[in-house]
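Structural overview for review
Spelled out, the chains give:
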Amino acid sequence: MHIHTSFSDGMADVPELLDYVESETDLDIIGIVDHDDVRGALAARDQWAKRSYRFELVTGIEVTAIEGHLLALYVDEPMESLRPLERVVEDVHRQGGLCVVPHPMSWLTRSIGEQTLRGFVGSLDGIEVACCSPAARVSNGRAAELGGSDAHFLQAVGSAYTLFEGRSAADLKRAITARTTRAVYGAPVDWQSIGVRQMARQTWRGICATPRAMGLGPTARSFVRRIFRSR
């Protein structure tokens, strides 16, 4: 439920990604959530509709709120970033989507911290408690327990996943809402097979993802606002 494409800082384009999921994994559902950009998810949905893939696809966005990143799942409309988390959560729910906190409390990427989590846990639909991204840290909360690979490379897809009753995207949404999901770690990622050069390229793409989508000035100002909101 946490996969990036080349529309943001993922290293695979949409057709390559979907073909990989089809042939190399046993996932029933994937979620495409590029940084501050819904185009990757929409392109994946269009590609998915043209072929008889065995898995279902959920569209979404990884929105950069002032307090940190938030996965907006089951949405297909652009969403304004660099705003207070409260406003982002309201907009996601207004679209009928679900709000999931990825890589909580990580200091390696722009993540929602413990104090904010405690204040918003009643408004959140899920928290990523299994994630194989190097930026991730495990956390728990009174929300649905989700696993997401935070995959920027094909080899990482499915390295963490969510178990639920059923097999469809609609079943998963009901399970998240009912707080009956379970996060699971899959096979570990062989980072050596990816290589230092590719990892460095992806890291640079990740640093540039939000400034490229939102502009350097607004992104820099949002960091200042984050500092004052965290006091």
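Provided above is the structure to which this section pertains.
Quantities reported herein were computed from a predicted structural model and do not represent experimental measurements. (Residues numbered from 1 in each chain as written. Predicted model: local features only at pLDDT ≥ 70, side-chain atom pairs only at ≥ 80, totals over all residues. Heavy atoms only, no water.)

Let's talk about the side chain of Arg 83
Inspection of the secondary structure assignment puts Arg 83 in the loop between strand S3 (68–73) and helix H3 (85–94). The class of Arg 83 is buried, set by a relative accessible area of 6%. What Arg 83 contacts, discounting residues up to four positions off in sequence, is Thr 64, Ala 65, Ile 66, Glu 67, Val 88 and Asp 91. (Helix = DSSP H or I, 4+ residues; strand = E, 2+ residues; numbered from the N terminus. Buried < 20%, exposed > 50% of the residue type's maximum accessible area, 1.4 Å probe, protein only. Contact = heavy atoms within 4.5 Å.)

So, the pattern of salt bridges
All chains considered together, the criterion is met by eight salt bridges. The salt bridge partner of Arg 94 is Asp 91, with a shortest N-O separation of 2.3 Å. Here Arg 94 pairs with Asp 91, and both are found in helix H3, just three residues apart, close to one helical turn. Its relative accessible area of 61% is what places Arg 94 among the exposed residues. Of the charged contacts in the structure, one is a salt bridge between Glu 114 and Arg 118, with a shortest N-O distance of 2.7 Å. Of this pair, Glu 114 and Arg 118 are both found in helix H4 (residues 114–120), four residues apart, which corresponds to roughly one turn of the helix. Under the relative-accessibility criterion, Glu 114 is labelled partly exposed at 42%. Because the salt bridges share partners, they merge into one network encompassing Arg 83, Asp 91 and Arg 94. (Salt bridge = Lys/Arg side-chain N within 4 Å of Asp/Glu carboxyl O.)

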